[in-house]
Amino acid sequence: MLLYLISLSKKSVWPGFFAFNGNPILETLTLPASTEQIERGAFGNCTGLTNLNLSATSLESLPDQLCYRSSALRRVALPAGLRVIGTNAFYQCKALADCPLPSGLRKIELHAFSLCTSLPSVTFGGALQVIGSSAFSQCSALGSVSFAAPGPEELPSFAFYQCSSLTNCTLAEGLQR
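The sections below set out a description of the structure shown in this document. It should be emphasised that the depicted structure is a prediction, and the values quoted were computed from it without experimental measurement.

1. Brief notes about the overall build of the chain
Moving on, step 1. Along its length, the chain carries 0 helices and 13 strands.
Moving on, step 2. Along the chain, helices (α) and strands (β) appear in the sequence β-β-β-β-β-β-β-β-β-β-β-β-β when read from the amino end.
Moving on, step 3. For the chain, the C-alpha radius of gyration of 16 Å lies close to 16 Å, the compact-globule estimate for 177 residues.
Moving on, step 4. Looking at the chain as a whole, 45% of its 177 residues qualify as buried.

See below:
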């Protein structure tokens, strides 16, 4: 039996630590509104995963290494109430091209989107306060970055390191360094 699609409908604190880590068959995943938490590394190294839909969930934070090295992941729909994206959450998701960030997002941990080499642009809402070091480093297709006011007060070292296509960057007025 091959696993192509998972769609859950019951209340869940799911999936557990590294639950589907390394699954090469899983292609599409949609989690229900009742999902309150996902554990670290749940979908890491899922080389067949192309679409992750979390938009209906009540998640306020994404765990570390959520989709770490899920190289085929192209699209992620995040929940509107999301506040934090964990360390290495989408690290080396090389096909990721569509991942709109919710306007209420407050914190992006270090290396969260490092080596997402297909990501063309990022728009940050005004609620963003913290971007971790190297959060978007080596995103070679990243051409445009935009911060809404008030935005973070500072950008850390290497936040957009080696983003070789970055030609357009709109910074918020509150940025001090």
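2. Thoughts on the environment of threonine 123
Moving on, step 1. Residue position: threonine 123 is located in strand 10 (residues 121-124).
Moving on, step 2. Judged by its relative accessible area of 52%, threonine 123 falls in the exposed class.
Moving on, step 3. With 87 residues separating them along the chain, threonine 123 and glutamate 36 place their C-alpha atoms 26 Å apart.
Moving on, step 4. In this structure, threonine 123 is in contact with Leu101 and Ser146, ignoring residues within four places of it in sequence.

3. Describing the packing of aromatic side chains
Moving on, step 1. Under the counting rule described, the total for this entry stands at 10 aromatic pairs.
Moving on, step 2. Ring centres 5.3 Å apart and planes at 15° place the aromatic pair tyrosine 68 and tyrosine 91 in the stacked group. Taken together, the residues tyrosine 68 in the loop between strand 6 (61-62) and strand 7 (75-77) and tyrosine 91 in the loop between strand 8 (84-85) and strand 9 (107-108) connect sequence positions 23 residues apart.
Moving on, step 3. Exposure remark for tyrosine 91: the relative accessible area of 16% places this residue in the buried category.
Moving on, step 4. Their ring planes at 80° and their centres at 5.6 Å tell us that phenylalanine 124 and phenylalanine 136 sit as a pair that is edge-to-face. Of this pair, phenylalanine 124 sits in strand 10 while phenylalanine 136 sits in the loop between strand 11 (130-131) and strand 12 (144-147); the two residues are 12 residues apart in sequence, bridging distant segments of the chain.

Basis of the calculations
Residues numbered from 1 in each chain as written. Predicted model: local features only at pLDDT ≥ 70, side-chain atom pairs only at ≥ 80, totals over all residues. Heavy atoms only, no water. Helix = DSSP H or I, 4+ residues; strand = E, 2+ residues; numbered from the N terminus. Rg over C-alpha atoms; globule rule 2.2 N^0.38 Å. Buried < 20%, exposed > 50% of the residue type's maximum accessible area, 1.4 Å probe, protein only. Contact = heavy atoms within 4.5 Å. Phe/Tyr/Trp six-rings, centres within 6.5 Å; stacked < 30°, edge-to-face > 60°.

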